[in-house]
Amino acid sequence: MYRILIVEDDAALGGGIARVLADRGYTPALAEDLTDIMPRFRAFDPQLVILDLSLPYHNGYHWCRRLREVSDVPILFLSSSADSLNQVTAMDLGADDFVAKPLDAELLAARVQALLRRTYAYRRAADVADCAGVPLDLSAGVLRAEAGPVTLTRNELRILQALLERRGRVVRRDDLMTALWATDCYVDENTLTVNVGRLRKKLEAAGLPGLVETVKGEGYCIR
């Protein structure tokens, strides 16, 4: 269920990579607008980015820098220029792995699996929180409900974490907005309300209806 964003200007190649990943149980998505991949990155909130080095408008180095300004998500570079200088430059900018073109599908899938395992599978027990009896995987941002996994966006996860950390107490709206401002996007009152509403729907899907209560004029709480 890991979400993987593919940033590739060759539509056929990007689609092929997506099919390979989907066949192995991942959730891939393509960044369609290569003039600015950041809105797609924020909306999809991936757990791994596959990033081509040679892209129109801005190259992979540029987007690697931008991603590292806001996230520590693992980045796997693709390039037909697989010389040591390109690989070293990519790693210096914060990339985690580098695969040369032409691609071998099995090799790419193995490198993706290994990178995800290194990043997420060996996490500590502290990375799993109890959410009213439902395990909350903090690393993946997933509620492990009996009916199936429920994936949270980064903002939904931050809100839920803040409420769980102060379980039984009211968390003011201003405090929640401050927690969300720690991300790369501006959050106003309406954005917070929308995110709380979406979180409630996902909690209901995980078998936790009514978990987040509104305290009028103050904020929210989990009893």
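Before reading on, note that the structure itself is shown above.
I will try to describe carefully the structure that is included in this document. (Residues numbered from 1 in each chain as written. Predicted model: local features only at pLDDT ≥ 70, side-chain atom pairs only at ≥ 80, totals over all residues. Heavy atoms only, no water.)

A count of helices and strands for the protein chain gives eight helices and 12 strands. Computed over C-alpha atoms, the radius of gyration of the protein chain comes to 19 Å, within 12% of the 17 Å expected from 2.2 N^0.38 for 223 residues, which places it in the range of a compact globule. Each of the three principal axes of the protein chain carries a C-alpha extent, and together these read 60 × 35 × 30 Å. A total of 223 residues make up the protein chain; the buried ones form 44% of that total. By sequence separation, contacts in the protein chain at least 24 residues apart represent 57% of the contacts at least 6 residues apart. Working note: accessible area of the protein chain is about 11,000 Å², and carbon and sulfur atoms make up 51% of it. Across the protein chain, the centroid of the 28 positively charged side chains sits 5 Å from that of the 31 negatively charged ones. (Helix = DSSP H or I, 4+ residues; strand = E, 2+ residues; numbered from the N terminus. Rg over C-alpha atoms; globule rule 2.2 N^0.38 Å. Buried < 20%, exposed > 50% of the residue type's maximum accessible area, 1.4 Å probe, protein only. Contact = heavy atoms within 4.5 Å. Areas by Shrake-Rupley, 256 points an atom, 1.4 Å probe, with all protein chains shown as cover. Lys, Arg positive; Asp, Glu negative; His and termini not counted. Charge placed at Lys NZ, Arg CZ, Asp CG, Glu CD.)

Turning our eyes to something else, we now look at the sheet that holds strand 11 (residues 213-215). One open sheet holds the three strands; their spatial order is 10-12-11, and the pairing between them is antiparallel. Across the chains shown, the open sheet's two edge strands, defined by having one partner strand only, are strand 10 (171-172) and strand 11. Relative to strand 12 (residues 219-221), strand 10 runs antiparallel, the two sharing two bridges. In the strand pairing of strand 12, Arg172 is matched with Gly219. (Pairing = 2+ DSSP bridges.)

Its 13 residues place the ends of helix 1 (residues 11-23) 18 Å apart at the C-alpha level, agreeing with the 18 Å of an ideal helix rising 1.5 Å per residue. Within helix 1 the residues assigned to the buried category are Gly14, Gly15, Ile17, Ala18, Val20 and Leu21. For helix 1, the capping residue at the N-terminal end is Asp10, with a side-chain oxygen 3.1 Å from the backbone nitrogen of Ala12. Positive phi shows up at Gly25, right after helix 1, with a value of about 90 degrees. (Expected span 1.5 Å × (residues − 1). Polar contact = N/O pair within 3.5 Å; in protein donor to acceptor, adjacent residues only side chain to side chain.)

With that settled, consider the pattern of salt bridges. For the structure shown, the criterion picks out 14 salt bridges. Residues Glu69 and Arg66 are paired through a salt bridge, measuring 3.9 Å at the closest nitrogen-oxygen approach. Residue Glu69 and its partner Arg66 are located together in helix 3 (residues 60-70), separated by three residues, close to a single helical turn. Using a relative accessible area of 59% as the deciding quantity, one classes Glu69 as exposed. A salt bridge links Arg172 to Asp174; its shortest N-O distance comes to 4.0 Å. A relative accessible area of 44% places Arg172 in the partly exposed class. For Asp174, a relative accessible area of 41% corresponds to the partly exposed category. Through salt bridges with shared partners, one network takes in Arg166, Arg172, Asp174 and Asp175. (Salt bridge = Lys/Arg side-chain N within 4 Å of Asp/Glu carboxyl O.)

A large share of strand 3 (residues 48-52) lies buried, amounting to five of its five residues. With burial as the criterion, each face of strand 3 is covered, one bearing Leu48, Ile50 and Asp52 and the other bearing Val49 and Leu51. Looking at chain direction, strand 1 (residues 3-7) and strand 3 are connected through four bridges and run parallel. Note that in strand 3 the partner of Leu5 across the bridge is Val49. Relative to strand 4 (residues 75-79), strand 3 runs parallel, the two being bridged by four bridges. Paired with Asp52 across the two strands is Leu78, which belongs to strand 4.

Here the focus is the sheet that holds strand 4. As summarised here, the arrangement of the five strands in space is 2-1-3-4-5, forming an open sheet in which the pairing is parallel. For this open sheet the edge positions go to strand 2 (27-30) and strand 5 (97-100), each flanked by a neighbour on one side alone. Going across the sheet, the axis of each strand differs from the next one's by a mean of 20 degrees, ignoring polarity. On top of the sheet, helix 4 (residues 84-92) reaches strand 4 and strand 5; it is set at about 150 degrees to strand 5, its chief contact. (Axes fitted to C-alpha atoms, helices over the stretch in contact; angles between N-to-C directions.)

With respect to the element layout, Glu213 can be found in strand 11. A relative accessible area of 30% means that Glu213 is categorised as partly exposed. A polar contact is formed between the side chain of Glu213 and the side chain of Arg223, at a distance of 3.0 Å.

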